[in-house]
Amino acid sequence: MDKYNIIVNAEEQFAREVTLGVIVTRPLTAWHYIIPGMFIIDFLRRGSAIRQYTKHFMFPRKLALDAAMGKMQGEDEASVISRIEDEIRIWLESLNLYSSDLAQAQVKLVKILVEHYL
C-alpha cells in the first residue's frame, strides 16, 4: 500500500472514531427501550452520521494530500494555492456555507496539512 492510501485510511479511521465518540456520549431516549427494533434505526442513523462527518472531515485532507503530491512532483506553489482556493470555494458554495473568512480559514488549514503531509 502506498503512503497516500495509508494516510487516507488513517484519517478516515480517525473521523469514524470521532463520530462514534460523539454519538456514544448521547444518552439513550426512552424510545430505545420501549420500541422493539429501535436499535436498527439507531444503527442506520449512526452509519449516516459517520459517512457525513467523514465526507466533510476528509475533503480538506484529501485536498492537502493531492497538493502535497503535486508539490512533490514539481508543481509550482502558486498554481497549487490557486487550485486549493478554487476547490474550497466550490465546496463551500455547494454546502451553502461560503464566506470569505471561512474560505480563508479552510485554505490556511489545507496549507498547514500540506506541510504536515510533506
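Here's a quick rundown of the structure.

Each value, and the rule that gives it
- Residues numbered from 1 in each chain as written.
- Predicted model: local features only at pLDDT ≥ 70, side-chain atom pairs only at ≥ 80, totals over all residues.
- Heavy atoms only, no water.
- Core = buried A, V, L, I, M, F, W, Y, C linked by side-chain atoms within 4.5 Å.
- Buried < 20%, exposed > 50% of the residue type's maximum accessible area, 1.4 Å probe, protein only.
- Helix = DSSP H or I, 4+ residues; strand = E, 2+ residues; numbered from the N terminus.
- Contact = heavy atoms within 4.5 Å.
- Axes fitted to C-alpha atoms, helices over the stretch in contact; angles between N-to-C directions.
- Parallel < 35°, antiparallel > 145°, perpendicular 65-115°, else oblique.
- Left-handed = near helix turned anticlockwise from the far one by under 90°.
- Nonpolar A, V, L, I, M, F, W, Y, C, P; charged D, E, K, R; others polar.

## Some words on the nonpolar core
Counting residues in each nonpolar core, the largest one holds 20 residues, and the members touching the most others are A64, I84, I88, V110, V114 and Y117. Contributions of two or more residues to this core are made by α1 (3-24), α3 (38-72), α4 (77-94) and α5 (100-117). A total of seven residues in this core trace back to one element, the largest contributor, which is α3. Beyond its immediate sequence surroundings of up to four residues, V110 is in contact with P60, L63, A64, I84 and I88.

## Brief notes about the packing of α4 against α5
Viewed as axis vectors pointing N to C, α4 and α5 meet at an angle of 130 degrees, and their least axial separation amounts to 10 Å. With respect to α5, the element α4 is oriented oblique. The element α4 and its partner α5 pack so that their crossing is right-handed. Taking contact as the criterion, the partners of I81, I84, E85, I88, W91 and L92 in α4 are, on α5, L102, A103, Q106, V107, V110, K111 and V114. Its residues assigned to classes, the contact of α4 with α5 shows ten nonpolar, one polar and two charged.

## A look at the side chain of R61
Along the polypeptide, R61 turns up in helix α3. Once residues lying within four places of it in the same chain are set aside, the contact partners of R61 are E11, L109, L113 and Y117.

All we've got here are geometric facts, nothing functional implied.
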